[in-house]
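Report on the structure
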Amino acid sequence: MRAGIVILPEDRWWAAEPKWRAAEEYGFDHAWTYDHLGWRNLVDGPWFSAIPTLTAAAMVTSRIRLGTFVASPVARHPVSFMRELNTLDDVSDGRFVLGVGAGVDHLHYDGAVVDAPELTPKQRVDRFTEFVEALDGLLMTDKFDFEGEYYRAREARNLPGPVQRPRLPFVVAANGPRTMTLAARFGAGWVTTGKGGATADEWWHGIKELTEVFDRRLDAAGRDRASIQRHLSLDSSPVFSLSSVEAFRDAVGRAGELGFTDVISHWPRSSSPYEGREAVLEQVASDVLPELRAG
């Protein structure tokens with residue numbers, strides 16, 4: 001099993017850089033940051049842009065894969081975003097992974113601050129589908145045309161294209177049937193946050209149900225179930241995965257039993273959300289990550 005870490009883009013680079021270096025040195029397989037204009041109760045504090053942050057992280061690392069967790073169409077257009085993705089894939093020498101999700105518009109800060117139209121759940125998935133389809137074409141085809149309800153492109157150039165061929169990998173966030181179908185069509189990976197739950201056991205029960213639905217979507221798409229990486233965002237559970245070494249071990253074990261290939265935690269912060277101690281992270285890196293690699 002592989003392990004990843006999310007580093008929130010809230011620190012000035014002199015403070016953030018050591019975390020990105022450490023993520024690689026600790027032995028994490030991938031490191032991510034949020035792609036939001038602002039987030040939750042942190043809107044009033046410092047917040048930096050995901051793509052420049054990941055570009056800077058690419059310059060101070062050499063092995064670890066880097067990704068957005070997750071980019072959405074709420075405040076992005078696929079043509080301009082394609083250029084940013086190609087650039088980041090080039091700077092990172094083919095280590096970039098696009099985590100992409102539908103976004104929730106006015107339920108969160110991003111949609112409200114850009115005065116995005118308030119969409120129904122169906123419309124959000126429709127827009128997300130167009131966004132992923134357009135990015136897929138734009139990253140693989142020079143002079144690409146696209147005509148949709150939400151996005152259009154006319155002979156969009158993409159030269160020189162991404163380092164990774166035929167394009168950089170997509171990890172599609174999906175908790176519902178339609179977005180799971182999209183993940184089965186376009187994803188090198190699937191990531192889920194679960195169905196919620198008041199207790200950890202309820203959350204894990206929901207995760208099990210989602211894996212069963214996703215298996216059916218893969219079968220319907222004609223894809224081998226073993227052909228796609230399965231990422232689980234551990235900290236969507238009521239229990240912070242890095243609250244203790246034991247909590248991390250337990251979460252990783254349960255994820256493995258459900259067939260997940262990758263788990264993702266968050267760098268501990270001094271306050272909520274993800275409040276914890278970096279000493280736990282260091283012990284996990286020392287004692288648990290080598291076991292995952294050996295397994």
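Numbering of residues starts from 1 in each chain and follows the order in which that chain's sequence is written. With the structure being a predicted model, the display of local features is reserved for residues of pLDDT at least 70 and the display and counting of side-chain atom pairs for 80 or more, all residues being used for whole-chain, interface and lining totals. Here the side-chain values reflect all heavy atoms present in the structure, with hydrogen atoms and water set aside.

You'll find the protein chain entered in an unreviewed UniProt entry as LLM class flavin-dependent oxidoreductase, with Amycolatopsis balhimycina DSM 5908 given as the organism.

1. Considerations on unusual backbone geometry
With omega at -10°, the peptide bond leading from Phe-69 into Val-70 counts as cis. Locating Val-70 in the fold gives a position in the loop between strand 3 (65-68) and helix 3 (78-91). In this structure, Arg-40 takes a positive phi of about 50° despite not being glycine. Helix numbers and strand numbers start at the N terminus; a helix is a DSSP run of H or I with at least 4 residues, a strand a run of E with at least 2. Considering the arrangement of structural elements, one finds Arg-40 in the loop between strand 2 (30-33) and helix 2 (50-59).

2. Some words on the pairing of strand 10 (residues 262-266)
With respect to burial, strand 10 is a largely interior element, five of its five residues being buried. The pairing criterion for strands is at least two bridges between them, as found by DSSP. Note that strand 1 (residues 2-6) and strand 10 share five bridges and pair parallel. Following the sheet pairing, Gly-4 is matched in strand 10 by Ile-264. If you view a crossover with the strands going away from you and the path from the first strand over the helix to the second runs clockwise, you call it right-handed. As a crossover connection, the stretch from strand 9 (residues 229-233) through helix 8 (residues 245-257) into strand 10 is right-handed. Exposure classes here rest on a 1.4 Å probe applied to the protein chains alone. A residue is buried below 20% of its type maximum, exposed above 50%, and partly exposed in between.

3. Considering the nonpolar core
Among the nonpolar cores identified, the biggest contains 88 residues, and Leu-98, Phe-170, Trp-190 and Trp-204 are the most heavily contacted of them. It is helix 7 (residues 200-221) that contributes the most residues to this core, eight residues altogether. The criterion used for residue contact is that any of the two residues' heavy atoms lie within 4.5 Å. When sequence neighbours within four positions are dropped, the list of residues in contact with Phe-170 reads Leu-98, Val-132, Leu-135, Asp-136, Leu-139, Phe-186, Gly-187, Ala-188 and Gly-189. We call a set of buried Ala, Val, Leu, Ile, Met, Phe, Trp, Tyr and Cys residues a nonpolar core when their side-chain atoms join them within 4.5 Å.

4. A word on the side chain of Glu-10
Within the secondary structure, Glu-10 is located in the loop between strand 1 and helix 1 (13-26). Only 2.8 Å separates the side chain of Glu-10 from the side chain of Arg-269, close enough to count as a polar contact. When neighbours within four sequence positions are excluded, Glu-10 is seen to be in contact with Leu-42, Pro-46, Trp-47, Phe-48 and Arg-269. In protein, a polar contact means a hydrogen-donor-capable atom and an acceptor-capable atom, both N or O and within 3.5 Å, with residues adjacent in sequence counting only if both atoms are side-chain atoms; elsewhere, any N or O pair within 3.5 Å suffices.

5. A word on the pairing of strand 3
Where strand 2 lies against strand 3, four bridges are found, and the strand directions are parallel. When the bridges of strand 3 are listed, His-30 appears paired with Arg-65. After leaving strand 2, the chain enters helix 2 and then returns to the sheet as strand 3, a path that is right-handed. Between strand 3 and its parallel partner strand 4 (residues 96-100), the chain crosses via helix 3, and the hand of that crossover is right-handed.

6. Considering the sheet that holds strand 3
A barrel is described by the order of its strands in space; here eight strands give the closed sequence 1-2-3-4-7-8-9-10, paired in parallel fashion. Averaged over all neighbouring strand pairs, the angle between strand axes comes to 25°, with direction disregarded. Bridge count between strand 1 and strand 2: three bridges; the pairing is parallel. Its bridge partner lying in strand 2, Val-6 is registered against Trp-32. Only the stretch in contact is used when fitting a helix axis, every axis being a line fitted to C-alpha atoms; angles between N-to-C directions are given from 0 to 180 degrees. Strands strand 4 and strand 7 (170-173) of the sheet are contacted by helix 5 (residues 121-140), whose axis makes an angle of about 180° with strand 7. Here helix 7 sits on the sheet and contacts strand 8 (189-192) and strand 9; the angle it forms with strand 9, its principal contact strand, is near 155°.

7. A closer look at the pattern of salt bridges
Criterion for a salt bridge: a side-chain nitrogen of Lys or Arg within 4 Å of a carboxyl oxygen of Asp or Glu. In this structure the tally under the stated criterion is 20 salt bridges. The salt bridge partner of Glu-291 is Arg-249, with a shortest N-O separation of 2.7 Å. Residue Glu-291 is located in helix 10 (residues 289-294), and its partner Arg-249 is located in helix 8; the two are separated by 42 residues in the primary sequence. What makes Glu-291 partly exposed here is its relative accessible area of 42%. Look at Arg-249 and you get partly exposed, because its relative accessible area is 36%. When salt bridges that share partners are traced, they join Asp-215, Asp-219, Arg-225 and Arg-230 into one network.

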